[in-house]
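Residues per chain are reported as follows:
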Amino acid sequence: MGVPLDEWIKTIRRHPLKYKFDGLEDGGWHKDVREAAVFSESYMDDYAEKETDYYAKYATTEFSETYADWLRREHGHEWDGKKNINHCADSTVIRALGTDQRAQEWAYWYYEPDWSWEGIRADDPEYLLKEHPPIECWSHAYESGVPVEDVFFLCPSCGNEPTTEEETKDRFYCGLCGASSCLGPGEDIVDFIIALDLSVYPFNSAKHAEWKAKIEARNLVSQ
Ligand SMILES: [Zn+2]
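Described in the following lines is the structure provided in the data block. Nothing here was measured: the structure is a model prediction, and the numbers come from that model. (Residues numbered from 1 in each chain as written. Predicted model: local features only at pLDDT ≥ 70, side-chain atom pairs only at ≥ 80, totals over all residues. Heavy atoms only, no water.)

### A word on the overall build of the protein chain
In terms of helices and strands, the protein chain carries 10 helices and 5 strands. Radius of gyration (C-alpha) of the protein chain: 27 Å, far over the 17 Å computed for a compact globule of 223 residues. Overall, the C-alpha framework of the protein chain stretches about 100 × 30 × 20 Å when taken along its three principal axes. Classification of the 223 residues of the protein chain by burial places 38% in the buried group. When contacts within the protein chain are restricted to residue pairs at least 6 apart in sequence, long-range pairs at least 24 apart make up 55% of them. Summing over all exposed atoms, the protein chain offers an accessible surface of approximately 12,900 Å²; the carbon and sulfur share of this is 48%. Computed over 23 positive and 44 negative side-chain charges, the inter-centroid distance for the protein chain is 4 Å. (Helix = DSSP H or I, 4+ residues; strand = E, 2+ residues; numbered from the N terminus. Rg over C-alpha atoms; globule rule 2.2 N^0.38 Å. Buried < 20%, exposed > 50% of the residue type's maximum accessible area, 1.4 Å probe, protein only. Contact = heavy atoms within 4.5 Å. Areas by Shrake-Rupley, 256 points an atom, 1.4 Å probe, with all protein chains shown as cover. Lys, Arg positive; Asp, Glu negative; His and termini not counted. Charge placed at Lys NZ, Arg CZ, Asp CG, Glu CD.)

In structure tokens, the structure reads:
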């Protein structure tokens, strides 16, 4: 998207807008990328697969105790050792009854989706935002999404409503909170932006730079 990451992460944190995030579209509209991830079925399926692969890979080492217990319970009937299986070391049980296929089955049994939800919700959202940047933000007034590149600025009054350049040609009106621009004689939307020190095109670096130049030029004239 070409906008400095820090810039829009700051914007997202400052404004409690609902966004749709890249690759998490099926998770719906959320203020927090972590919630979008948790509600995205495709993301969670992927996550579960990675988790279970990890458990299966380390079934015989890191998770040997719970894996051996599961083997005793599920496959103990195949045991033909002299000693009672319950008195044998985990490593002996795993050697006799464990297979890659069973490690995978155990991993599915062991895996708890709750752990993933808790893990994702406790994570620093910045990593997720890098992988899944916002692509649209929700307009309450229009009840539809606005592509983030088209967001001109966010309502300075409620901070909850995006506006586009198209609808803000010579005046500003927030369809959500009703805030509006009061332009004096000879003033235009650029004066409004300067007066309120608004961040213009927070998600579009080319337009952001273009507007920065426009604002600086205006400032020079008025000095
Ligand atoms: Zn507003």
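There is more to say, and it comes next.
### A word on the packing of helix H4 (residues 64-75) against helix H6 (residues 100-110)
Across the interface, H4 lies against H6 with an axial gap of 10 Å and an inter-helix angle of 105 degrees. Classified by the angle their axes make, H4 and H6 are roughly perpendicular. Where H4 approaches H6, its residues Thr-66, Tyr-67, Trp-70, Leu-71, Arg-73 and His-75 are matched on the opposing element by Arg-102, Ala-103, Glu-105, Trp-106, Trp-109 and Tyr-110. Taken together, the residues of the contact of H4 with H6 break down into 7 nonpolar, 2 polar and 3 charged. (Axes fitted to C-alpha atoms, helices over the stretch in contact; angles between N-to-C directions. Parallel < 35°, antiparallel > 145°, perpendicular 65-115°, else oblique. Nonpolar A, V, L, I, M, F, W, Y, C, P; charged D, E, K, R; others polar.)

### A few points about the side chain of Thr-52
The topology assignment puts Thr-52 in helix H3 (residues 41-57). A residue is classified by how much of its surface remains accessible, and Thr-52, at 1% relative accessible area, is buried. Thr-52 has contacts with Gln-104, Ala-107, Tyr-108 and Tyr-111, leaving out every residue within four places of it along the chain.

### Focus: the coordination of the zinc ion
Taken together, Cys-155 (SG), Cys-158 (SG), Cys-174 (SG) and Cys-177 (SG) make up the full set of protein donors to the zinc ion, lying 2.3 Å away. Its 4 donor atoms give the zinc ion angles of 105 to 117 degrees at the centre, a pattern that matches the tetrahedral case. Sequence spacing of the donor residues for the zinc ion, all on one chain, is C-x2-C-x15-C-x2-C. Here Cys-174 lies in the loop between strand S5 (162-163) and helix H9 (189-196) and Cys-158 lies in the loop between strand S4 (153-154) and S5, a separation of 16 residues in the sequence. (Donors = N, O, S within 2.8 Å, 3.2 Å for Na, K, Ca; no water. Tetrahedral: all angles 85-135°; square planar, octahedral: opposite > 155°, others 65-115°.)

### Some words on the nonpolar core
In this structure, Tyr-19, Phe-21, Leu-24, Tyr-43, Ile-120, Leu-129 and Phe-203 are the most contacted members of the largest nonpolar core, which totals 22 residues. Counting only elements with at least two residues in this core, the list comes to helix H1 (5-14), strand S1 (19-21), helix H2 (33-39), H3 and helix H8 (125-131). At 4 residues, the largest contribution of residues to this core is made by H2. Beyond its immediate sequence surroundings of up to four residues, Tyr-43 is in contact with Leu-24, Ala-37, Ile-120, Leu-128 and His-132. If you look at the next biggest cluster of nonpolar residues, it comprises 19 residues, including Ala-56, Cys-88, Trp-106 and Tyr-111. (Core = buried A, V, L, I, M, F, W, Y, C linked by side-chain atoms within 4.5 Å.)

### Remarks on the side chain of Ser-116
Looking at the element boundaries, Ser-116 is found in helix H7 (residues 113-122). Note on Ser-116: relative accessible area 1%, which makes it buried. Ignoring any residue separated from it by four or fewer positions in sequence, one finds Ser-116 in contact with Met-44, Tyr-47, Glu-51 and Tyr-111.

### Brief notes about the packing of H3 against H6
In contact at an axis separation of 8 Å, H3 and H6 are set at 130 degrees when each is read in the N-to-C sense. Classified by the angle their axes make, H3 and H6 are oblique. Classified by chirality, the crossing of H6 by H3 is right-handed. Along the contact surface, H3 presents Thr-52, Asp-53, Tyr-55 and Ala-56, while H6 presents Ala-103, Gln-104, Trp-106, Ala-107, Tyr-108 and Tyr-110. Of the residues that constitute the contact of H3 with H6, the class distribution is 7 nonpolar, 2 polar and 1 charged. (Left-handed = near helix turned anticlockwise from the far one by under 90°.)

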